[in-house]
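If you want the building blocks of each chain, they are given just below.
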Amino acid sequence: MTITATGLCAIRSGRTILHPTNVDIRPGERVGLVGASGSGKSTLGHALIDRLRAQGQRVAHVPQSPDEALDPLRSMAFHWREAEHALNLSPDPTRRQDLFAALHIEGSDLNKRPWGWSRGMQQRFVIAMALIGTPDLLVMDEPTSALDSVVAAGTMDLLDAYLSDRKTALLLITHDLGLAARRVNRLMVMEDGRIVEDAPTEQFLLAPVTQAAKSLCAHRNWLELPC
Amino acid sequence: MLTVDHVSVRRGTTVTLQDISLSLGPNRTLAVVGESGAGKSTLIAAILGLVPCSSGQVTWDNAPVRRCRPALVMQEPRSAFNPRMSLRRAVMEPLVAQGMVADPDRLNALCHGLEIAPDLLDRRPTEVSIGQAQRMGILRALIAKPPLVLFDEPLSALDAVTQKHTARLIAQMQHEEGFASLIVTHDLGYAAAFADDIAVLRAGRVEELTRSQSFVQAPQTAYGRMLRDAAFTLGALEQVA
Amino acid sequence: MIQLIASLLLRAAVVLTGAALATFALLWHAPGDPALAIAIARYQAVVPAEVVDQVRTEAGLDAHFWTAFQAWVGPLLVGDFGQSSVTGRNVWPELVTMISYTLPLALAGLIIGLLTSVPLAYVATRRPGGWLDRCAVALASIGAAIPAYWLGLLLILLFAVQLGWLPAMGTRTPAHIILPALTLGLGVAASLTRILRSGILEARGQPFLPAFRRRGVANRDIERDHVAPHAAIPVVTVFGLELAFLLEGVVMVEVIFARPGLGSFLVSAIEARDFPKVQAVVVLTAVLFVTVNLLIDLIYRALDPRIGERDA
């Protein structure tokens, strides 16, 4: 099912932080949403999630840090049960084992609370929880910035492999074009609460049109900085 | 010249730094990379004398480091400032603390070099962008002409474009002022592009200490390779052909 | 875990010893002649000097401080509270009778406090800053500012004197407990409401809650499973203080409503300088305090095990 949301907008304390925006994402598509901090990326992500949920589509969200996804007072098993319950699914140990195997979640006790797990495992658990209902769209907000690079790279590779033969689309929200460019086939650039550019990744990198996109492209790489 | 000579730091029974030896001369940049918990922040604290070394010593030109009055740039630019104090007063504080007289020409020159519009100085820390606030943090660090500046994850609160802009300004200021700069970062791309040398810290030890270019091309240790490959995978480095 | 309980018990023992020593020293060094006070209480008349001296010897008041302390603490360690200096009867049975009056009153006060504060705080925090919230905060502030003795008198005036609905003095019928329990309970409710209100508001601001909503967890489940436990932590923390407040209130309320109980027992014992009785009440209170705080520590760790981790 193609994901379509029209007229998404957000106004916070009298200031428009997201101008009316339409988003279309095809099944299985990988889309990057990039822009400077304060450009409205996360706001668009949240508005999109709320809208799609209201439209009855299955959408899952992975926040930046596991601290924003897990209750420190509740066990991991509780979180998992609750996520299943929220989707009206009956508990299914096989489903959990499959997801844990796919994301290499191992050697951690489900009866422990989040802080009894390493942060990398917490983040993988959050991703696994997001995939429980095989959502139409997975929204990831800066999924790697709270993790150490080795763990983050491993997690992204595992997720890529898991999604490769599935219909779940991915929206990757990040300020880092270098990260997004490796993972997505389409890039959207945000600036001041608007999507100012939307193009396939290769075309985008070769010929950025807007000033914001040009700046992102020019600063993509540490080794060849513009002067 | 900064000399870290066989420094170990223990807290209770846990060893947070073990037998660290580094040196860093004027106008040089050393990047300390590693994962969280590797002891990067403890190393900065040990150099500044904020935690006692259980063995070894840290010196600047054979004298205690404190005597050279090193400066520190912190990770979170906004929380590094007193929110009730104007930025102008805040950036002048190192001078006040050292009993020095404020020199308007120097302030103007630094503002110019760091691309800070002078009227921003009259705002409060919450009234400027994060990138501007971090440039203010650098300005405050440099105002008293320290020979040694320590940067603790100076870019990690900034977005990708601002990171690169700020990194270039730091390098330009170093070129003009000639300070020795020690940068703690988890970003290998930044380290590779701007540091002369890279020290890989792991579980309190220096795993590897090499020229940054040779590290990117061929890390000497397995752990160094893991870090480099992860940076490639995440797009922080471009694959070297 | 065993190590933890052992260390908590050790702490409790230190507190108890300190409390026993401090009370004894305070009473011992209080101004005035205790022997005279005891003699007057015993014979209900002005007594000649030789009788006072006799009482002094009997009550062990002519001994050295440490000798007297040992003479009191020694039997106490095996559960013997000694005999009243005035009547010569054993203190313990009398104490048990008094507890049987006070305990229901304190429990009723606590239950009224909880039953009032939990719904009030919940309703108030539905719309923070709304008029309901402001009313609740105002009520709680007024409630915390009114001393128990004044509130008790107001309630007596209104319900017993003006309306004649409820009895005020004594303990003859179960209805007699209503007004004193209300006096106690409203005070407890006032402070609990404020703590609960800020606890709930803080729990609602936890950074992980938006993610739970986006995960599709129903709002009611979020309130029950995530907000309530976080809001409970500060309440558990201050429960020890709340207990102190309750005991202080019990003393006042029992005197105002002419009820037998630990409070009036303590007041009359102090007037008569009946050392064994006063000390018995103080030791009992100290034990209660230490036990409750011990339990709070354990509950706290069960609620949020990170606290134990940090200590380790």
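Conventions used here
Residues numbered from 1 in each chain as written. Chains lettered and ligands numbered in written order. Predicted model: local features only at pLDDT ≥ 70, side-chain atom pairs only at ≥ 80, totals over all residues. Helix = DSSP H or I, 4+ residues; strand = E, 2+ residues; numbered from the N terminus. Buried ≥ 20, exposed ≤ 12 C-beta atoms within 10 Å, placed from the backbone. Contact = placed C-beta atoms within 7 Å. Rg over C-alpha atoms; globule rule 2.2 N^0.38 Å. Nonpolar A, V, L, I, M, F, W, Y, C, P; charged D, E, K, R; others polar. Domains from an automatic or database assignment. Axes fitted to C-alpha atoms, helices over the stretch in contact; angles between N-to-C directions. Parallel < 35°, antiparallel > 145°, perpendicular 65-115°, else oblique. Left-handed = near helix turned anticlockwise from the far one by under 90°. Pairing = 2+ DSSP bridges. pLDDT = per-residue confidence, 0-100. Core = buried A, V, L, I, M, F, W, Y, C linked by C-beta atoms within 7 Å.

Explain the overall build of chain C to me, please; I cannot follow it from the model alone.
Along its length, chain C carries 13 helices and 0 strands. Listed N to C, the secondary structure of chain C is α-α-α-α-α-α-α-α-α-α-α-α-α in terms of helices and strands. Projecting the C-alpha coordinates of chain C onto the three principal axes gives extents of approximately 85 × 60 × 30 Å. Relative to its full complement of 312 residues, chain C shows a buried share of 30%. Look at the contacts in chain C between residues 6 or more apart in sequence, and 72% of them connect residues 24 or more apart.

How do you make sense of the overall build of chain A when you look at a structure like this?
Of regular secondary structure, chain A possesses 8 helices and 8 strands. In terms of overall size, chain A behaves like a compact globule, its C-alpha atoms giving a radius of gyration of 18 Å where 227 residues would be expected to give roughly 17 Å. Expressed as lengths along the three principal axes of its C-alpha atoms, the size of chain A is roughly 50 × 40 × 35 Å. Expressed as a percentage of the 227 residues in chain A, the buried residues total 47%. At a minimum sequence separation of 6, the contacts of chain A that also span at least 24 residues come to 71%.

Help me understand the interface of chain A and chain B, please; the structure alone is not making it clear to me.
Many authors give the size of an interface as the accessible area that is lost as the parts come together. Counting residues at the interface gives 24 residues for chain A, matched by 23 residues for chain B. Among the secondary structure elements, those contributing two or more residues to the side of chain A that touches chain B are α5 (149–163), α6 (177–183) and α8 (211–218) of chain A. Here the side of chain A that touches chain B gets 6 residues from one element, more than from any other, and that element is α5 of chain A. Considered class by class, the residues forming the side of chain A that touches chain B number 12 nonpolar, 8 polar and 4 charged.

Mind showing me how you'd approach the domain arrangement of chain C here?
All names here are of chain C. Partitioning chain C into structural domains gives domain 1 (1–86 + 272–293) and domain 2 (93–262). One C-alpha centre belongs to domain 1, the other to domain 2; they are set 33 Å apart. Opposite the 8 residues of domain 1 that make contact, domain 2 presents 5 residues. Among the residues making up the side of domain 1 that touches domain 2, the classes are represented as 6 nonpolar, 2 polar and no charged.

Can you walk me through the packing of helix α7 (residues 148–162) of chain C against helix α8 (residues 178–204) of chain C in this structure?
Angle between the axes and distance between the axes: these two values describe a pair of packed helices. All names here are of chain C. In the contact formed by α7 and α8, the axes pass within 9 Å of each other and the chain directions differ by 135°. Between α7 and α8, the angle is such that the two are oblique. Every pair of crossing elements has a handedness; the one defined by α7 and α8 is right-handed. Listed contacts from α8 to A148, L151, G152, L155, I156, F159 and A160 of α7 are L179, L182, T183, L184, L186 and G187. Tallied by class, the residues present in the contact of α7 with α8 amount to 10 nonpolar, 3 polar and no charged.

How should the sheet that holds strand β1 (residues 2–11) of chain B be read in this particular structure?
Residues and elements named next belong to chain B. Taken together, 4 strands build an open sheet; the order of strands is β2-β1-β4-β5 and the sheet is antiparallel. Of all strands in the sheet, those with a lone pairing partner are β2 (14–24) and β5 (63–64), marking the two edges. As judged from the 7 bridges shared by β1 and β2, these two strands associate in the antiparallel manner. Bridge pairing in β2 links V9 to L17.

I would appreciate a short explanation of the pairing of strand β1 (residues 3–12) of chain A in the present structure.
Consecutive side chains along a regular strand alternate between the two faces of the sheet. Residues and elements named next belong to chain A. Pairing between β1 and strand β2 (residues 15–25): 7 bridges, direction antiparallel. Bridge pairing in β2 places I3 opposite I25. Counting the residues in the hairpin turn of β1 and β2 gives 2 residues, including S13, whose phi is positive at 40°.

Mind showing me how you'd approach the sheet that holds strand β5 (residues 137–141) of chain A here?
Strand pairing in a sheet takes place through backbone hydrogen bonds and is either antiparallel or parallel in direction. All names here are of chain A. One open sheet accounts for 6 strands, arranged β4-β5-β6-β3-β7-β8; its pairing is mixed. Each edge of the open sheet carries a strand with a single partner, namely β4 (59–62) and β8 (194–200). Shown here is a sheet whose adjacent strand axes are inclined to one another by a mean of 20°, direction ignored. Note that β4 and β5 share 4 bridges and pair parallel. Residue pairing in the sheet places V62 in a bridge with M140 of β5. Lying over the sheet, α8 contacts β3 (30–35), β7 (186–191) and β8, oriented at roughly 115° with respect to β7.

Would you take a moment to explain the confidence of the model for chain C for this structure?
Fine structural detail should not be taken from predicted coordinates in areas where pLDDT scores are low. All names here are of chain C. For chain C, the average pLDDT comes to 82, and 98% of its residues sit at 70 or higher. Here helix α13 (residues 306–311) is the element of chain C with the lowest mean pLDDT, 57, and helix α9 (residues 209–214) is the one with the highest, 92. Taken over the whole predicted complex, pTM reads 0.80, whereas the ipTM for its chain interfaces reads 0.88.

Mind showing me how you'd approach the environment of Q279 of chain C here?
Residue and element names in this part refer to chain C. Structurally, the position occupied by Q279 is in helix α12 (residues 275–303). Using a count of 21 C-beta atoms within 10 Å as the deciding quantity, one classes Q279 as buried. The spatial distance from the C-alpha of Q279 to the C-alpha of L266 is 9.2 Å, given a sequence separation of 13 residues. Setting aside residues up to four positions removed in sequence, Q279 forms contacts with T23, F24 and W72.

It is not clear to me how the interface of chain A and chain C should be interpreted in this structure. Could you clarify?
Between chain A and chain C, the contact holds 18 residues from the first and 15 residues from the second. Secondary-structure elements contributing two or more residues to the side of chain A that touches chain C are α1 (41–54) and α2 (76–86) of chain A. Considering each element in turn, the side of chain A that touches chain C owes the most residues, 3 residues, to α2 of chain A. Broken down by class, the residue content of the side of chain A that touches chain C amounts to 10 nonpolar, 1 polar and 7 charged.

Would you explain the arrangement of the chains in this entry?
When the 2 pairs of chains in contact are ranked by number of contacts, first place goes to chains A and B. At no point do chain B and chain C touch; the closest pair of C-alpha atoms across them sits 12 Å apart.

Before we go on, may I ask you to explain the packing of helix α5 (residues 91–124) of chain C against helix α10 (residues 219–256) of chain C in this structure?
All names here are of chain C. Direction vectors running N to C along α5 and α10 enclose 125°, while the axes themselves pass 11 Å from each other. By the angle between their directions, the pair α5 and α10 is classed as oblique. The element α5 and its partner α10 pack so that their crossing is right-handed. For the pair formed by α5 and α10, the contact residues are T102, L105, A106, G109 and L110 on the first element and L246, G249 and V250 on the second. Considered class by class, the residues forming the contact of α5 with α10 number 5 nonpolar, 3 polar and no charged.

Just checking my understanding: could you explain the nonpolar core for this structure?
Side chains of a nonpolar character, in soluble globular proteins, are inclined to be buried together. Ranked by size, the top nonpolar core spans 142 residues in total, and within it L33, L137, V139, L171 and V189 of chain A together with V32 of chain B carry the most contacts. Broken down by element, the residue count for this core peaks at 7 residues, all from helix α4 (residues 119–130) of chain A. Those residues in contact with L137 of chain A that sit more than four places away from it in its chain are I3, I25, L52, V59, A169 and L171 of chain A. Ranked by size, the runner-up nonpolar core spans 54 residues in total, among them A37, F81, V86 and L179 of chain C.

Looking at this structure, I do not really get the environment of G137 of chain B. What am I missing?
Residues and elements named next belong to chain B. By secondary structure assignment, the location of G137 is in helix α4 (residues 130–142). In this structure, the C-alpha to C-alpha distance between G137 and A97, residues 40 residues apart in sequence, is 16 Å. The contact partners of G137, leaving out residues within four places of it in the chain, are V73, M74, P77 and A80.

Sorry, what's going on with unusual backbone geometry here?
Glycine aside, negative phi is the norm for most residues, and most peptide bonds take the trans geometry. Residue and element names in this part refer to chain A. Even without being a glycine, H104 presents a positive backbone phi close to 55°. The topology assignment puts H104 in the loop between α3 (93–102) and α4. Residue class for H104 comes out partly exposed when judged on the 13 C-beta atoms lying within 10 Å of it.

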